[in-house]
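Summary of the model geometry
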Amino acid sequence: MATYSALAGLALAVGVAVPAHAATSVQIAGDSAFQITAVARTSDTSVKKRERLHARAILKYEASLLGIPLPATARYMNSIPLTFDTPRLDEWNASLSSKIYSSRYDKWLGTRQWIVSGSENFRGSKRVSIKGSAIAEARGARYFHGGSGVDHWMDANAALRITVR
């Protein structure tokens, strides 16, 4: 299983460019048959009040055994701190339970957040990307979270600490 530093080293070796202020967090979970990769990306990790933050959750699911695609369920969420005004949903490529962020309890972070989430059955592989953005409203440091959440047969989650100054 690859570590974040190994993936970052590989990205540098292949020449992947990362925006100057962007931040990325990655977690990989699974075994040879099932794997989930969770990636959290933000436009910055420190924003001023009234400044817009862009936050993307990317989840990659692989479900196969000996090259045969297996059926599975993808669960995913994009979770933005309440120190921001109600986020807007900018881009998504998967089924969501609602297209409007709502204040809910994020069990993985253990706090209330602005959340959009969904789930979808698939066979073999699936890539989910959810991008939201919000205006910083209150000072403080909290986490943006992108991932599958908790209490599923397999979970992968990634988070980035966001400071509003």
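Structure first, text after, so check above.
Residues numbered from 1 in each chain as written. Predicted model: local features only at pLDDT ≥ 70, side-chain atom pairs only at ≥ 80, totals over all residues. Heavy atoms only, no water.

A few words now on the environment of A156. Topologically, A156 is positioned in the loop between β11 (140-147) and β12 (157-164). Sequence-wise, A156 and T37 are 119 residues apart; in three dimensions their C-alpha atoms are separated by 6.3 Å. (Helix = DSSP H or I, 4+ residues; strand = E, 2+ residues; numbered from the N terminus.)

Attention now moves to the side chain of N78. Structurally, N78 is set in strand β6 (residues 71-81). Residue N78 is classed as buried on the basis of its relative accessible area, which comes to 0%. Here A55 takes part through its backbone oxygen, which lies 3.3 Å from a polar atom of the side chain of N78. A polar side-chain atom of N78 sits 2.9 Å from the main-chain carbonyl oxygen of I130. Beyond its immediate sequence surroundings of up to four residues, N78 is in contact with A55, R56, A57, Y101, W114, I115, V116, I130, K131, G132, F144 and H145. (Buried < 20%, exposed > 50% of the residue type's maximum accessible area, 1.4 Å probe, protein only. Polar contact = N/O pair within 3.5 Å; in protein donor to acceptor, adjacent residues only side chain to side chain. Contact = heavy atoms within 4.5 Å.)

Under the counting rule described, the total for this entry stands at 1 aromatic pair. With centroids separated by 5.7 Å and ring planes inclined at 50 degrees, the aromatic side chains of Y61 and F122 adopt a geometry described as tilted. Of the two residues, Y61 sits in strand β4 (residues 52-65) while F122 sits in strand β9 (residues 111-123), which places them 61 residues apart along the sequence. (Phe/Tyr/Trp six-rings, centres within 6.5 Å; stacked < 30°, edge-to-face > 60°.)

Moving on: the layout of surface pockets. Rolling a probe over the atoms, with the probe sized like a water molecule, indicates the empty space that remains. Size it by volume and the second largest pocket reaches roughly 250 Å³. Considering the residues around the second largest pocket, the lining is formed by 16 residues, among which M77, S117, S148, G149 and H152 are closest to the centre. Contributions of two or more residues to the lining of the second largest pocket are made by β6, β8 (102-106) and β9. Split by residue class, the lining of the second largest pocket holds 6 nonpolar, 5 polar and 5 charged. (1 Å grid on protein atoms, 1.4 Å probe; cavity = no way out; pocket = protein on both sides within 12 Å on 5 of 7 lines; lining within 4 Å. Points joined across faces, edges and corners; volume = space filled by probe spheres on them. Nonpolar A, V, L, I, M, F, W, Y, C, P; charged D, E, K, R; others polar.)

In globular proteins that are soluble, nonpolar side chains generally tend to be buried together. Ranked by size, the top nonpolar core spans 33 residues in total, and within it Y61, Y76, I80 and F84 carry the most contacts. Going through the elements one at a time, β2 (34-42), β4, β6, β9, β10 (125-135) and β12 are the ones with two or more residues in this core. A total of 6 residues in this core trace back to one element, the largest contributor, which is β4. Those residues within four positions of I80 in sequence are excluded, and the remaining contacts are A55, P87, Y101, Q113, W114, G132, S133, A134 and F144. (Core = buried A, V, L, I, M, F, W, Y, C linked by side-chain atoms within 4.5 Å.)

Even without being a glycine, L66 presents a positive backbone phi close to 55 degrees. Residue placement: L66 occurs in the loop between β4 and β5 (68-69). The phi dihedral of D151 is positive, around 70 degrees, even though this residue is not glycine. Tracing the sequence through the fold places D151 in the loop between β11 and β12.

As a further point, take the pairing of β11. Walk down a regular strand and you will see the side chains alternate between the two sheet faces. Direction of pairing for β6 relative to β11: antiparallel, over a ladder of 3 bridges. Across the sheet, residue M77 finds its bridge partner in β11, namely G147. Across 8 bridges, the pairing between β11 and β12 is antiparallel. In the sheet register, H145 faces β12, and the bridge partner there is A159. (Pairing = 2+ DSSP bridges.)

Our focus in this paragraph is the environment of R75. Residue position: R75 is located in strand β6. Relative accessible area serves as the criterion here: at 31%, R75 is assigned to the partly exposed category. Distance in space between the C-alpha atoms of R75 and S117 is 7.6 Å, their sequence separation being 42 residues. Once residues lying within four places of it in the same chain are set aside, the contact partners of R75 are L59, Y61, G118, S119, G147, S148 and H152.

The strand order across the open sheet formed by 6 strands is β3-β12-β11-β6-β9-β8, and the pairing between neighbours is mixed. Single-partner strands in this sheet number two, and they are β3 (46-47) and β8.

Purely geometric numbers; function is a separate question.
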